[in-house]
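Architecture at a glance
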Amino acid sequence: MWSSYKVLVFALVAASSFMLVHALDFCTSTDSDCHSDSHDSTTSSSQLSTNAGRSRWNISVSKLIQDLGQFRVSCKKLIESFPIDDVDGNFARPVKNCIFSRSSPTPLKGRLRLAAASKDAIEGILDLDVAVTRSDDFLRYASGGRLPSGSVPLAHRYGGHQFGYWAGQLGDGRAHSLGQYTNRKGEVWELQLKGSGKTPYSRSGDGRAVIRSSVREFLGSEAMHFLGVPTSRAASLIVSDEPVIRDQFYNGNVKTERGAVVLRLAKSWFRIGSLEILAQSGERDLLRKLLNFVIDQHFPSINSDDPDKYLMFYSTVVNETAHLIAQWMSVGFAHGVCNTDNFSLLSITIDYGPFGFMESYNPNFVPNTSDDEGRYSIGAQANVGLFNLEKLLMALSVLSNKQHDEAKIILKGYFDIYQTRFHQLFKAKLGLLGEEENDSYLIAFLLKMMEDTQSDFTMTFRQLSEVSAQQLHNRNFTQMWALEELSSHKLFSDWLSMYLLQLSRQPNDSDLDRQHRMKNVNPRYVLRNWIAESAIHKAETNDFSEVALLHHILSFPFVTQETAEEAGYAARPPLWAKRLKVSCSS
């Protein structure tokens, strides 16, 4: 297996909220109102709210559900499609011959508080008037204390390879699926509570999540959505006074934290490990049944009668997984725990744990302090994707010998797909149009300089988006701290000359057009660990103001915002940020 650094370079060279619900509104990052204007890239929060209300949230409130008693989910499709575990109870046990176990959430104890809610998810996906989040009923529904109409809560059985080794039965150890909701756009979303108590798959765990990890899950998944990366969503975060005992870094330093539950949404929570457990247990008929279900429900381009449908399914997953990891790389995102049980069959980002957004560019960046060997470093993610796809192929025992051989050929094309997408994304980050022979060299050259100078990943690309061609010519980087660091490299002048020459060759492309285009793909704000840590500390004292602020800012990551600038979210990270650690503990 290649080293992390070689994978990254090869990919280049070979390719040559809690909301103040009554006050804040949001819009998706793809809306024109959410992008920087070429002539005025600084926008206040009040302006953003006004623009959002005009461009996106013009839905009549009468069309939204204002009474939670009218909200209904269905478990019928899942229950009728698969055998259900015939043993009842939330006690840990080996489970066989099923996909799901019935499992009821355990309500959080003590006073409940709404720490965060996403208006975009609440109204845009669940058809709920966001005002309902202020009710006591919502607190109960979103924390497991009450079930929505039609819900038969389920815990999903799956296995997985963890850190390269088969771990056997895993499953939803602290999550409960409430059912599927079909919204007014015809989309089907599966609602799931995370941190809602024990299930048959909890092993020795208590089934809870704590405020620390839940704030990160809520903000992380929503931030990735507004960055345009395929992901699960987070609708709300409820915190309680229930004490939860955790050893955060597994070093014997046990402390009492507080329980929290995230209401999260996805089109499906099936993952590579969902198939692996069936293959490992020899449950071939059930494996075929699950594959048929996933294909019928989520891969409409595949004909269910096609004899090669499983091969086509595999080809699609290979392609989309390569695309997803390239997108992670383009925003400097390291998942942290890329086990097969955390890789979605729909190729969306799921299971936010010890993730991190890279600050100083470093292919060996490891966000997870539990990852001693750096298996899941940011530069190794493409390799890990290949490993996981190999395990998926091993699980597809329903393939004929001929189909299996064809699948291996498909898998050999994985790196070409990844490299091509990586190349496209980084070209866009540099504002390059067309195809030039030295595009890949320009990208690789820049990344090597960034590594040598430890330049900030996010702000280097963002400031290249904001600087004018004249400023580049003059090397005038006043108040552009990331470019100042980069320009200290002894070869910066050589790279800059090549870059400016390349830009000058792009016909009918003005400097303002180039800046505008680059600002729309290079965020100014990402969820840096030090920023999340500040919000977490306040949330643990029931001050959710910074969670609300961050959620608002990260809903517009491509727009320069006064409140974000005042908070220092685009400034040089503080020195103490380097000492921060995150782990698998939640």
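**Some thoughts on unusual backbone geometry**
Positioned with a positive phi, Arg475 is a non-glycine residue whose angle comes to about 55 degrees. By relative accessible area, which is 36% here, Arg475 ends up partly exposed. Phi is positive for Asn508, close to 55 degrees, though the residue is something other than glycine. Along the chain, the position of Asn508 falls in the loop between helix H17 (492–504) and helix H18 (511–519).

**A few points about helix H19 (residues 529–539)**
Regarding H19, the residues found buried are Asn529, Trp530, Ile531, Ala532, Ala535, Ile536 and Ala539. Contact partners of the buried residues in H19: helix H6 (211–226), strand S11 (255–266), strand S13 (356–357), helix H20 (545–554) and helix H21 (562–567).

**Thoughts on the pairing of strand S5 (residues 159–162)**
Bridge analysis of S5 against strand S6 (residues 165–169) gives three bridges, and the strand direction is antiparallel. Counted as the bridge partner of Gln162 is Tyr165 from S6. The turn joining S5 and S6, which pair antiparallel and follow one another in sequence, is formed by two residues; a positive phi near 50 degrees is taken by Phe163.

**Section: the layout of surface pockets**
In this structure, the second largest pocket spans a volume of roughly 700 Å³. Lining the second largest pocket are 30 residues, and of these Glu359, Ser360, Phe365, Ala577 and Lys578 lie nearest its centre. When residues of the lining of the second largest pocket are traced back to their parent elements, those giving at least two are helix H13 (439–453), helix H16 (481–486) and H19.

**Considerations on empty space enclosed by the protein**
By volume, the largest cavity is sized at about 140 Å³. Every residue along the wall of the largest cavity is listed here: Leu68, Phe71, Leu126, Leu128, Phe138, Tyr141, Ala142, Pro148, Leu178, Leu191 and Leu263. Of the residues in the lining of the largest cavity, the class split is eleven nonpolar, no polar and no charged.

**Here's the deal with the nonpolar core**
Within the largest apolar cluster, 127 residues are counted, with the highest numbers of intra-cluster contacts made by Leu275, Phe313, Tyr414 and Trp495. Sort the elements by how many residues they give to this core and helix H9 (residues 309–330) lands first, with twelve residues. Setting aside its immediate chain neighbours within four residues, Phe313 contacts Leu275, Leu291, Val294, Ile295, Phe299, Ile302 and Leu345. Grouped together as the second largest cluster of nonpolar side chains are 29 residues, Val73, Leu128, Val130 and Ala235 included.

**Focus: helix H12 (residues 414–429)**
The end-to-end C-alpha separation of H12 is 23 Å, in line with the 22 Å expected for 16 residues at 1.5 Å each. Where H12 ends, the next residue or the one after it, Gly431, has phi of about 75 degrees, a positive value.

**Some details on the confidence of the model for the protein**
Mean pLDDT over the protein stands at 90; residues scoring 70 or higher make up 88%. Segment residues 1–41 is flagged for pLDDT under 50; beyond a separation of four residues in sequence, or across chains, it makes 139 contacts in the model. Segment residues 49–57 is flagged for pLDDT under 50; beyond a separation of four residues in sequence, or across chains, it makes 28 contacts in the model.

**Looking at the packing of H12 against H13**
Remark: H12 packs on H13, axes separated minimally by 10 Å, with the N-to-C direction vectors making an angle of 75 degrees. The orientation of H12 relative to H13 falls into the category roughly perpendicular. Seen from H12, the contacting residues are Phe422, His423, Phe426 and Lys427; seen from H13, they are Asp439, Ser440, Ile443 and Leu447. Classifying every residue of the contact of H12 with H13 by side-chain character gives four nonpolar, two polar and two charged.

**Quick word on the pattern of salt bridges**
Applying the stated rule across the entire model yields 30 salt bridges. Lys427 is the salt-bridge partner of Asp439, the closest N and O atoms lying 3.5 Å from each other. Pair noted here: Asp439 is in helix H13 and Lys427 is in helix H12, with a separation of twelve residues, a long-range link.

**Quick word on the packing of aromatic side chains**
This structure, assessed with the given rule, holds 27 aromatic pairs. A ring pair is formed by Phe270 and Phe293, whose centres lie 6.2 Å apart and whose planes are at 85 degrees; its orientation type is edge-to-face. Highlighted residues: Phe270 in the loop between S11 and helix H7 (272–280) and Phe293 in helix H8 (residues 284–298), separated in sequence by 23 residues. When the ring of Phe477 is compared with that of Phe492, the centres are 6.0 Å apart and the planes differ by 80 degrees; the resulting orientation is edge-to-face. Taken together, the residues Phe477 in the loop between helix H15 (469–474) and H16 and Phe492 in helix H17 connect sequence positions 15 residues apart. For the pair Phe477 and Phe492, one class covers both residues: buried. Linked through ring pairs, Trp328, Phe333, Phe343, Tyr352, Phe355 and Phe357 together constitute an aromatic cluster. Over the aromatic face of Tyr158 sits the side chain of Arg271, whose NZ or CZ is 4.4 Å from the ring centroid.

Thresholds applied
- Residues numbered from 1 in each chain as written.
- Predicted model: local features only at pLDDT ≥ 70, side-chain atom pairs only at ≥ 80, totals over all residues.
- Heavy atoms only, no water.
- Buried < 20%, exposed > 50% of the residue type's maximum accessible area, 1.4 Å probe, protein only.
- Helix = DSSP H or I, 4+ residues; strand = E, 2+ residues; numbered from the N terminus.
- Contact = heavy atoms within 4.5 Å.
- Pairing = 2+ DSSP bridges.
- 1 Å grid on protein atoms, 1.4 Å probe; cavity = no way out; pocket = protein on both sides within 12 Å on 5 of 7 lines; lining within 4 Å.
- Points joined across faces, edges and corners; volume = space filled by probe spheres on them.
- Nonpolar A, V, L, I, M, F, W, Y, C, P; charged D, E, K, R; others polar.
- Core = buried A, V, L, I, M, F, W, Y, C linked by side-chain atoms within 4.5 Å.
- Expected span 1.5 Å × (residues − 1).
- pLDDT = per-residue confidence, 0-100.
- Axes fitted to C-alpha atoms, helices over the stretch in contact; angles between N-to-C directions.
- Parallel < 35°, antiparallel > 145°, perpendicular 65-115°, else oblique.
- Salt bridge = Lys/Arg side-chain N within 4 Å of Asp/Glu carboxyl O.
- Phe/Tyr/Trp six-rings, centres within 6.5 Å; stacked < 30°, edge-to-face > 60°.
- Lys NZ or Arg CZ within 6 Å of the ring centre and 35° of its normal.

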